[in-house]
Amino acid sequence: MSTHSGDQDVTQLLADWRRGDDSALARLIPVVYQELRRVARAHLRGEGSDHMLETTALVHEAYLRLVGLDRMTLQNRTHFFAMAARLMREILVDHARRKNALKRGRGITIVSLGEVTAGNEQGTVDVLALDEALTDLASLDERLCRVVELRFFAGLSIAETTEALGVSSATVERDWTVAKAWLLQRLSSPPQPRRIG
């Protein structure tokens, strides 16, 4: 995700919306839509042609959840896309669970992990396995999990992730390296029985 003049537009529109200007939300849609589509398309790249969740559907569901939040939560462009990252993760996991339930456990929902699994030839992983791994990572180190959400699910740069987390770029770079290594090891291990409950 690159920084451009649209960044200030998003932050200003969010500020206007927080002050009660509901029309700002309508003006925000075209500014963020293409970026959300790019991120969503990257996540769905690994799915087969039979996947039920398309890029547009993922963007629309994420957007609807975003605008349903307390408007004070979304303070600027970075916060907006950080929250979008978390919501896209939730939507993909919910979708995978529904899909698996319909298939009675046959098949898995696959997402492309890109840079996270650079050493993995397929570069894709079961989204439920990824979610479980991220939940476990969060229990070990919440910030490492947040870095993955921001870098992978929102496509934020190191600088943008630094801004979102309020830490140094060196910390984000170190966390990103550690988190990728941890996830690669965890996701390449033999599958463990999923916890119930």
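Residues numbered from 1 in each chain as written. Predicted model: local features only at pLDDT ≥ 70, side-chain atom pairs only at ≥ 80, totals over all residues. Heavy atoms only, no water.

Caption draft 1: Representation of the overall build of the protein chain. A count of helices and strands for the protein chain gives 8 helices and 2 strands. From first element to last, N terminus to C terminus, the protein chain shows the α and β order α-α-α-α-β-β-α-α-α-α. The buried share of the protein chain, reckoned over its 197 residues, is 47%. Intrachain contacts of the protein chain at a sequence separation of at least 6 include 63% that bridge at least 24 residues. Accessible surface, the protein chain as shown: approximately 10100 Å² in total, 53% of it carbon and sulfur. (Helix = DSSP H or I, 4+ residues; strand = E, 2+ residues; numbered from the N terminus. Buried < 20%, exposed > 50% of the residue type's maximum accessible area, 1.4 Å probe, protein only. Contact = heavy atoms within 4.5 Å. Areas by Shrake-Rupley, 256 points an atom, 1.4 Å probe, with all protein chains shown as cover.)

Caption draft 2: Focus on the environment of Arg37. Along the chain, Arg37 falls in helix α2 (residues 23-44). Arg37 sits in the buried class, given a relative accessible area of 18%. A C-alpha to C-alpha distance of 9.3 Å links Arg37 and His60, two positions 23 residues apart in sequence. In this structure, Arg37 is in contact with Thr55, Thr56 and Val59, ignoring residues within four places of it in sequence.

Caption draft 3: View of the packing of helix α5 (residues 127-140) against helix α8 (residues 169-188). Running from amino to carboxyl end, α5 crosses α8 at an angle of 130°, the nearest separation of the two axes being 10 Å. For the element pair α5 / α8, the angle class is oblique. For the crossing formed where α5 meets α8, the hand is right-handed. Contacts from Ala129, Leu130, Glu132, Ala133, Leu134, Asp136, Leu137 and Leu140 of α5 reach α8 at Ala179, Trp182, Leu183, Arg186 and Leu187. Split by residue class, the contact of α5 with α8 holds 10 nonpolar, no polar and 3 charged. (Axes fitted to C-alpha atoms, helices over the stretch in contact; angles between N-to-C directions. Parallel < 35°, antiparallel > 145°, perpendicular 65-115°, else oblique. Left-handed = near helix turned anticlockwise from the far one by under 90°. Nonpolar A, V, L, I, M, F, W, Y, C, P; charged D, E, K, R; others polar.)

Caption draft 4: Region of the structure containing the pattern of salt bridges. Tallying each qualifying case throughout the model produces 15 salt bridges. For the salt bridge of Arg27 with Asp16, the shortest nitrogen-to-oxygen distance reads 3.8 Å. Here the residue Arg27 occupies a position in helix α2, and Asp16 occupies one in helix α1 (residues 6-18), the gap between them amounting to 11 residues. Under the relative-accessibility criterion, Arg27 is labelled partly exposed at 39%. For Asp16, a relative accessible area of 15% gives the class buried. (Salt bridge = Lys/Arg side-chain N within 4 Å of Asp/Glu carboxyl O.)

Caption draft 5: Region of interest: the confidence of the model for the protein chain. With 73% of its residues at a pLDDT of 70 or more, the protein chain shows a mean pLDDT of 76. Per-element averaging of pLDDT across the protein chain places strand β1 (residues 110-112) at the bottom with 60 and α8 at the top with 92. Here residues 1-5 is a poorly scored stretch, pLDDT under 50, and it has 14 contacts once near neighbours within four places are set aside; other chains count. pLDDT under 50 marks residues 117-122. Its contacts with residues more than four places away, or in other chains, come to 4 contacts. (pLDDT = per-residue confidence, 0-100.)

Caption draft 6: Broad picture of the nonpolar core. Counting residues in each nonpolar core, the largest one holds 50 residues, and the members touching the most others are Leu28, Val32, Leu36, Phe80, Leu134 and Val148. Broken down by secondary-structure element, the contributors of at least two residues to this core are α1, α2, α3 (55-67), α4 (77-102), α5, α6 (142-153), α7 (158-165) and α8. For this core, the element with the most residues is α4, which contributes 11 residues. (Core = buried A, V, L, I, M, F, W, Y, C linked by side-chain atoms within 4.5 Å.)

Caption draft 7: Main features of the environment of Asn100. With respect to the helices and strands, the residue Asn100 is situated in helix α4. A C-alpha to C-alpha distance of 9.9 Å links Asn100 and Leu128, two positions 28 residues apart in sequence.

Caption draft 8: Looking closely at α7. Among the residues of α7, those classed as buried are Ile158, Glu160, Thr161, Thr162 and Ala164. Within two residues after α7, Gly166 carries a phi angle of roughly 70°, on the positive side.

Caption draft 9: Region of the structure containing the side chain of Thr161. You can see Thr161 is positioned in helix α7. Once residues lying within four places of it in the same chain are set aside, the contact partners of Thr161 are Val147, Leu150, Arg151, Leu156 and Val172.

Caption draft 10: How the structure looks around the packing of α6 against α7. Two elements in contact, α6 and α7, have axes separated by 10 Å at closest approach and are oriented at 135°. Between α6 and α7, the angle falls in the class oblique. Note that α6 runs across α7; the crossing there is right-handed. Every residue of α7 that contacts α6 at Arg143, Arg146, Val147, Leu150 and Arg151 is listed here: Ile158, Thr161, Ala164 and Leu165. Looking at the contact of α6 with α7 residue by residue, the class counts come to 5 nonpolar, 1 polar and 3 charged.

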